[in-house]
Amino acid sequence: MKKDISIADTEWKVMEVLWREPMLTIGEIRNRLSDTAWSDSTIKTLVRRLTQKGALKIDDTEGQFRYCPAVSETECKRKETKNLVDRIYHGSVKLLMANLVSDSNLSAEETKQLMDIIDKMDEGGQK
């Protein structure tokens, strides 16, 4: 990402709306988040924080403030995953994978997909 932007859990909901549908007004964001029962001021606060962090951009060319992501969803997910691995597993992807696999009931297809990913990593010389 451009800079070290940390997105809180509640802010992720706003970002997910705008990644799916950029260039929304506050009212449109509120409508998309109607299942949260958040007040208008809560949504405005979340949007303001995300804008201050540099995660959102404002477009006011049409006379209304419209918000769009300044960072990609893929970028943010990668950063958050790296932070998780670093913080919880001390940088070990192997420990993360072992934990995920041991605590889940993977189907045969999911197991095959996981093995394919690992094989591709081995072929590319990645750790």
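The structure we're discussing is the one just above.
Residues numbered from 1 in each chain as written. Predicted model: local features only at pLDDT ≥ 70, side-chain atom pairs only at ≥ 80, totals over all residues. Heavy atoms only, no water.

Engineer: Would you take a moment to explain the pattern of salt bridges for this structure?
Structural biologist: Oppositely charged side chains can form a pair if their charged atoms are brought close together. Applying the stated criterion to the full structure yields eight salt bridges. Note that Asp40 and Arg30 form a salt bridge whose closest N and O atoms lie 3.2 Å from each other. Linking Asp40 in helix α3 (residues 40-53) with Arg30 in helix α2 (residues 26-32), this pair joins segments that are ten residues apart in sequence. Exposure remark for Asp40: the relative accessible area of 37% places this residue in the partly exposed category. For Arg30, a relative accessible area of 31% puts it in the partly exposed group. Asp116 is the salt-bridge partner of Lys112, the closest N and O atoms lying 2.9 Å from each other. On the criterion of helical spacing, the pair formed by Lys112 and Asp116 is a turn pair, its members being four residues apart in helix α6 (residues 108-123). Judged by its relative accessible area of 47%, Lys112 falls in the partly exposed class. (Salt bridge = Lys/Arg side-chain N within 4 Å of Asp/Glu carboxyl O. Helix = DSSP H or I, 4+ residues; strand = E, 2+ residues; numbered from the N terminus. Buried < 20%, exposed > 50% of the residue type's maximum accessible area, 1.4 Å probe, protein only.)

Engineer: Would you mind going over the pairing of strand β1 (residues 56-59) with me for this structure?
Structural biologist: As paired strands, β1 and strand β2 (residues 66-69) are joined by four bridges and run antiparallel to one another. Within β2, the residue paired with Lys57 across the bridge is Cys68. Linking β1 back to β2 in an antiparallel pair, the connection comprises six residues, with Gly63 at a positive phi of about 90 degrees. (Pairing = 2+ DSSP bridges.)

Engineer: Looking at this model, I keep getting lost on helix α1 (residues 9-20). Mind explaining?
Structural biologist: Because the α-helix completes a turn every 3.6 residues, residues three or four places apart line up on one side. With twelve residues, α1 should reach 16 Å at 1.5 Å per residue; the first-to-last C-alpha distance of 17 Å fits that figure. What α1 keeps buried is the set Glu11, Trp12, Val14, Met15, Val17, Leu18 and Trp19. Residues of α1 that are buried in the fold lie against α2, α3, β1, β2 and α4 (73-89). (Expected span 1.5 Å × (residues − 1). Contact = heavy atoms within 4.5 Å.)

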